[in-house]
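Analysis of the macromolecular model
What follows is the residue order along each chain.
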Amino acid sequence: MTFHTLNELIAEGVRGRYILVRSDLNVPLDGSTVTDDGRIKASLPVLGKLTDAGARVLVTAHLGRPKGAPEEKYSLRPAVARLAELAAFKVSLAQDTVGGSAKELAASLQDGEVLVLENVRFDARETSKDDAERGTFADELVALTGANGAYVDDAFGAVHRKHASVYDVATRLPSYQGDLVHTEVEVLRKLTADTQRPYVVVLGGSKVSDKLAVIDNLIGKADTILVGGGMLFTFLAAEGHSVAGSLLEEDQIPVVQDYLKRAAGAGTEFIVPTDVVVAGKFAADADYETVPADGIEGSSFGAQGIGLDIGPDSAAAFADRIKGAKTVFWNGPMGVFEFEAFSGGTRAVAQALTEVDAFTVVGGGDSAAAVRTLGFADDQFGHISTGGGASLEYLEGKELPGLSVLDR
Ligand SMILES: Nc1ncnc2c1ncn2[C@@H]1O[C@H](COP(=O)(O)OP(=O)(O)OP(=O)(O)O)[C@@H](O)[C@H]1O
Ligand SMILES: O=C(O)[C@H](O)COP(=O)(O)O
């Protein structure tokens, strides 16, 4: 694929033009505090280049998964406040996405300033499966750019989404690839061609069905898949164990059973935890105990028990596997690392990644946040990707709508 680059756009001249930029500002929050500003920092260079060149920049972004209507807890306000603190240019936030506030503030935007539109997912058309419906939203976004607009996709974390602000706007405006997307693709490409073996993939997190879908294509490609986080309970259930009150996607059990069957003949080994940290409730101060993975209901919390981390034996086994690898890709925390008591598995995996002599990539908003909040530095890893699902789907070899739409 070949793309028009941001540098080409700048060379064409952007002074006074409205440039629509899709950024990934989907950062983890604790109330209104941004707990990891990695994605915001990663978005700054492109915005800086455009504002330095005199563009009037309209940023679209999402935060979380609101249900197609405004919801205060998903407002971009905290992310934009952090962006404004870090930026050398003026940044403001519209109260809405394509409504009166967005129109008014866009009209008064000056050269070299940035206006962020409120969460694109506050409008149900953004994520609609219906092309025409998404199209009407894209038309309204594009209308904000006036007569001579252009579009830059810099949201690597969202390139796997066929959403209006990622895909449809690119069919309506001259479109360019942002530097962040470019860099991410260059690094991840190394994981798809001539991958050095053993190739170990570590998967966790809470978006269980999203990540299970990815495994389908890793079977036969990865030598070992270490299963932690929320998805481990669907694996345990697939092996016939009770998981009490833990995160479980029952409809995915047959899918996992199929994976386990296929992996055996395809040279991919799944490693599922043998012990689990089980808590009485989902809280930082919950009582907890470590139990065998096949005995979760036997914990003193009975059917109320919730598995919130992999146990220490499993963490040590995962670390061992990682240390024997030549290539490691990790997406999704091993447990609820936000609570100290359940951060042990994630810490052990992160530590192992910093010690192994291998090409290591960490992908995902929360995974990146986890390594940083647990005290690791970015340069201890080969690459920390801003993309979670996007990096996984890239590795799967899937067509990513946000990339293919930019292909000239
Ligand atoms: N056993 C568990 N039960 C419930 N939640 C869990 C469990 N293990 C991990 N999590 C949660 O998973 C969340 C992160 O999951 P997620 O799938 O979003 O990962 P990610 O790295 O951000 O990837 P992406 O960028 O695709 O979102 C964390 O907030 C963590 O608390
Ligand atoms: O967190 C991510 O991976 C990206 O921001 C995409 O978010 P989504 O999975 O809600 O589309």
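What counts, and at which threshold
- Residues numbered from 1 in each chain as written.
- Chains lettered and ligands numbered in written order.
- Predicted model: local features only at pLDDT ≥ 70, side-chain atom pairs only at ≥ 80, totals over all residues.
- UniProt positions renumbered as here; feature names shortened; annotations may be inferred.
- Near = placed C-beta within 6 Å.
- Helix = DSSP H or I, 4+ residues; strand = E, 2+ residues; numbered from the N terminus.
- Nonpolar A, V, L, I, M, F, W, Y, C, P; charged D, E, K, R; others polar.
- Domains from an automatic or database assignment.
- Buried ≥ 20, exposed ≤ 12 C-beta atoms within 10 Å, placed from the backbone.
- Contact = placed C-beta atoms within 7 Å.
- Core = buried A, V, L, I, M, F, W, Y, C linked by C-beta atoms within 7 Å.

Under an unreviewed UniProt entry, the chain has the name Phosphoglycerate kinase and belongs to Pseudarthrobacter sulfonivorans. The UniProt entry for the chain carries the following comment under Subcellular location (unreviewed entry): "Cytoplasm". The chain has a UniProt comment under Pathway (unreviewed entry) that states "Carbohydrate degradation; glycolysis; pyruvate from D-glyceraldehyde 3-phosphate: step 2/5."

This part takes up the site of ligand 1. In the vicinity of ligand 1 lie 21 residues, with G205, S206, G364, D366 and G388 positioned nearest. Those elements that provide at least two residues to the shell around ligand 1 are strand 14 (306-310) and helix 12 (365-373). No other element matches helix 12, which puts three residues into the shell around ligand 1. In terms of residue class, the shell around ligand 1 is made up of four nonpolar, 14 polar and three charged.

The next subject is the site of ligand 2. Neighbouring residues of ligand 2: D24, N26, R65, G157, A158, R161, G365, G388 and G389. Across the shell around ligand 2, the residue classes break down as one nonpolar, five polar and three charged. For the shell around ligand 2, the domains that each give at least three residues are domain 1 (6-181) and domain 2 (190-396).

Moving on to the environment of F233. The residue F233 is located in helix 8 (residues 232-238) in this model. Here F233 falls in the buried class, since 27 other C-beta atoms lie within 10 Å of it. Here the alpha-carbon distance between F233 and V34, two residues 199 residues apart in the chain, equals 29 Å. Not counting residues up to four positions away in its chain, the partners in contact with F233 are V243, S246, L247, L248 and G307.

Per the UniProt record, "binding site: substrate" (unreviewed entry) is annotated on D24, L25, N26, R39, H62, L63, G64, R65, R121 and R161. You can see L25 is positioned in the loop between strand 1 (18-22) and strand 2 (29-30). Structurally, R65 is set in the loop between strand 4 (56-60) and helix 3 (77-86).

Turning our eyes to something else, we now look at the nonpolar core. Within the largest apolar cluster, 126 residues are counted, with the highest numbers of intra-cluster contacts made by I19, V116, V202, I322 and V349. Both domain 1 (6-181) and domain 2 (190-396) contribute no fewer than three residues apiece to this core. The contacts of V349, once residues within four sequence positions are left out, are V202, F318, A319, I322, W330 and M334.

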